[in-house]
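Structural description and commentary
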Amino acid sequence: MADKLHLTLGHHAYDIIVGERLLAKAGEHIKPLLARPHVIIVSDETVARLYLHRLTNSFEEAGIQHRSVIVPAGEGTKSLGEFSKVVEQILEYKPSRDTTLIALGGGMVGDLTGFAASVLLRGVNFIQIPTTLLAQVDSSVGGKTGINSAFGKNLIGSFHQPLLVLSDISTLSSLPKRELLAGYAEMLKYALINDVEFFAWLDKNAQALLAGDVALMTQAILHCCKAKADIVEADEKEKNVRALLNLGHTFGHALEAETGYGDTLLHGESVAIGMVMAFAASVAMGLCAEEDLEQVKAHYKTVGLPASPKEIRSEWNVDALMEHFTRDKKATGSGMTFILMRGIGKAFVMHDADAAVIKRIVTEFVAA
Ligand SMILES: NC(=O)c1ccc[n+]([C@@H]2O[C@H](COP(=O)([O-])OP(=O)(O)OC[C@H]3O[C@@H](n4cnc5c(N)ncnc54)[C@H](O)[C@@H]3O)[C@@H](O)[C@H]2O)c1
Ligand SMILES: [Zn+2]
C-alpha cells in the first residue's frame, strides 16, 4: 500500500510517496525521473547496514547504476570537515550534471546530501528516502538543506528541493522507540499549531500509530507533509507564518544547547517539552485556558513524551536558559519572540514577550 501527495513549492513540483516496503520498489519509482540511470547514494553506517542492500537490489532490478558513500552516524557528521570528505568521495565516482544523489537516512543524511547536491557541479538533482519519523514528517519537506558550524546549527546551507521523497514506513520498525517518539513530537506540533481536528485524531489513534499501524501511520505522515508544505507555501506571500513551525523550538533550543545536542535530550524531546512550556507561558499570560494545557499534558502521558525538563535531568540553570533567549533577541535587535498559544490549534507569533513571565515559567519548570 502506498499513497501520494503532489507538492508545489516555489517553482518546483514533486511527489511524496508514503507506504510500506517501498525500498524494494524504489528503482521503479525513481527510474522515470532520472535524466541518466546513474545515482550516488549517501547513507550513514547504521542505516546502510540495515537497508542499503534493499535499495541497491531494487536499483539493479531497474537497471540503475549506483555507487555509495557511507558516513558515520550522528549529528557530528553534519560538519564542514565531513561535508568536504563526502563531496570529494562523490567526485571520485565521476558524477556528471545528470547524476542524481540519493539520501538514504534520517534528517542528518538528508540535510548533508541535499546540501551536497545543491553545490556539486553547481547543482545536481537529489531524492530523499527518509528513514526516521522526524525526517518523514519534517526535514524532508520544505527544501532546507545544510550543515552545522562551530558557531551554531544549520548555519551553512541552501534551499534545494528534491525530485521525489520516498518514505518507506517499514524502515520505522527498526528505529529506537525514543527516536520514534521524538519524531512524533514534530507530528503533534502540526496539530497544536493550527489543526484541532488532527489533535483529536491523534488523541484517538496515537497509540495504534506508534505501535506500527501501517494505514494510520501513512495517513498521518501525509497529513503532516501537507501541513508543512501549506505553511511553507503561505510564507511566500504572508511573512512570518513559517515561524509557527518553531512552536516549542525557542524553549527547546535553550534546553538542547544546555545539554550539548546529544543523547541526553533528543531534538524532538526538546520540542515536546518546549511546546508544554509555550502552553504554560500562554496560560500564565491569560491567553489560553488551563484546560488546553491539561489536555496536552494528558496526551503526553498516554504516548510517553517528556513534558518537563526535570524528566531529563534534575539540575538546570535558569539564568543560562534565559541567556539563550536574550542572545536571540540581541541578534534580531527586537524583543523576545515566542510562538504562544490561544488554545490547541491556535498558535501565534508574539514579539516582545514579557520576559518576567517567561522567566517565571522557566523557573517553575526547572525548580526542584
Ligand atoms: N531540513 C529541515 O528542514 C530540517 C528540519 C528538522 C530537522 N532537521 C535536521 O534533521 C536532523 C535530525 O534528524 P533525525 O532525527 O532523523 O536524525 P538522524 O538522521 O541523526 O537519525 C537519528 C539516528 O537514527 C538512526 N536511524 C535512522 N534511520 C533509522 C532506522 N530506520 N532504523 C534504525 N536507526 C535509524 C541514525 O543512524 C541516527 O543514529 C538534524 O540535523 C536537524 O537539524 C532538518
Ligand atoms: Zn524541530
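Please refer to the structure placed before this passage.
Presented here is a report on the structure given in the accompanying data block. (Residues numbered from 1 in each chain as written. Chains lettered and ligands numbered in written order. Predicted model: local features only at pLDDT ≥ 70, side-chain atom pairs only at ≥ 80, totals over all residues. Heavy atoms only, no water.)

1. Observations regarding the site of ligand 1
- The local shell around ligand 1 holds 25 residues, among which E75, G107, T131, T132 and S174 are the closest.
- Measuring from a nitrogen atom of ligand 1, one finds a backbone N or O atom of K144 at 2.9 Å.
- Notes on ligand 1: free accessible area 870 Å², of which the protein chains cover 86%.
- Put simply, the parts of the chain that give the shell around ligand 1 at least two residues each are α2 (45-62), α4 (107-119), α5 (133-139) and β8 (152-159).
- Examining the composition of the shell around ligand 1, we find that four residues originate from one element, α2, more than from any other.
- Residues of the shell around ligand 1, tallied by class, amount to seven nonpolar, nine polar and nine charged. (Near = heavy atom within 4 Å. Polar contact = N/O pair within 3.5 Å; in protein donor to acceptor, adjacent residues only side chain to side chain. Areas by Shrake-Rupley, 256 points an atom, 1.4 Å probe, with all protein chains shown as cover. Helix = DSSP H or I, 4+ residues; strand = E, 2+ residues; numbered from the N terminus. Nonpolar A, V, L, I, M, F, W, Y, C, P; charged D, E, K, R; others polar.)

2. Focus on unusual backbone geometry
- Positive phi outside glycine occurs at R21, with the angle close to 45 degrees.
- Here R21 is to be found in the loop between β2 (12-19) and α1 (26-30).
- With a relative accessible area of 54%, R21 lands in the exposed category.
- Residue D352 is not a glycine yet carries a positive backbone phi of 55 degrees.
- Looking at the secondary structure, you find D352 in the loop between β11 (347-350) and α13 (355-366). (Buried < 20%, exposed > 50% of the residue type's maximum accessible area, 1.4 Å probe, protein only.)

3. As for the coordination of the zinc ion (ligand 2)
- Taken together, E186 (OE), H249 (NE2) and H267 (NE2) make up the protein donors of the zinc ion (ligand 2), found 2.0 to 2.1 Å from the metal.
- Mapped onto the polypeptide sequence, the residues donating to the zinc ion (ligand 2) form the spacing pattern E-x62-H-x17-H. Of this pair, H249 sits in helix α9 (residues 249-259) while H267 is found in helix α10 (residues 267-284), placing the two residues 18 residues apart along the sequence. (Donors = N, O, S within 2.8 Å, 3.2 Å for Na, K, Ca; no water.)

4. Description of the sheet that holds β2
- If you trace the seven strands from one edge of the open sheet to the other, you get β1-β2-β9-β6-β5-β3-β4, paired in mixed fashion. In this open sheet, the two edge strands, each paired with only one partner strand, are β1 (2-9) and β4 (65-71). Across the sheet, the mean angle separating the axes of adjacent strands is 20 degrees when strand polarity is ignored.
- Here five bridges tie β2 to strand β9 (residues 164-168), and the two strands are oriented parallel to one another. From the neighbouring strand, I17 faces β9, where its bridge partner is L166.
- Packed onto the sheet, α4 meets β3 (38-44), β4, β5 (100-105) and β6 (125-130) and runs at close to 170 degrees relative to β5. (Pairing = 2+ DSSP bridges. Axes fitted to C-alpha atoms, helices over the stretch in contact; angles between N-to-C directions. Contact = heavy atoms within 4.5 Å.)

5. Observations concerning the environment of A2
- With respect to the helices and strands, the residue A2 is situated in strand β1.
- Measuring from C-alpha to C-alpha, the distance between A2 and N205 comes to 20 Å, with 203 residues separating the pair along the chain.
- Residues within four places of A2 in sequence aside, it is in contact with I17, V18, G19 and L22.

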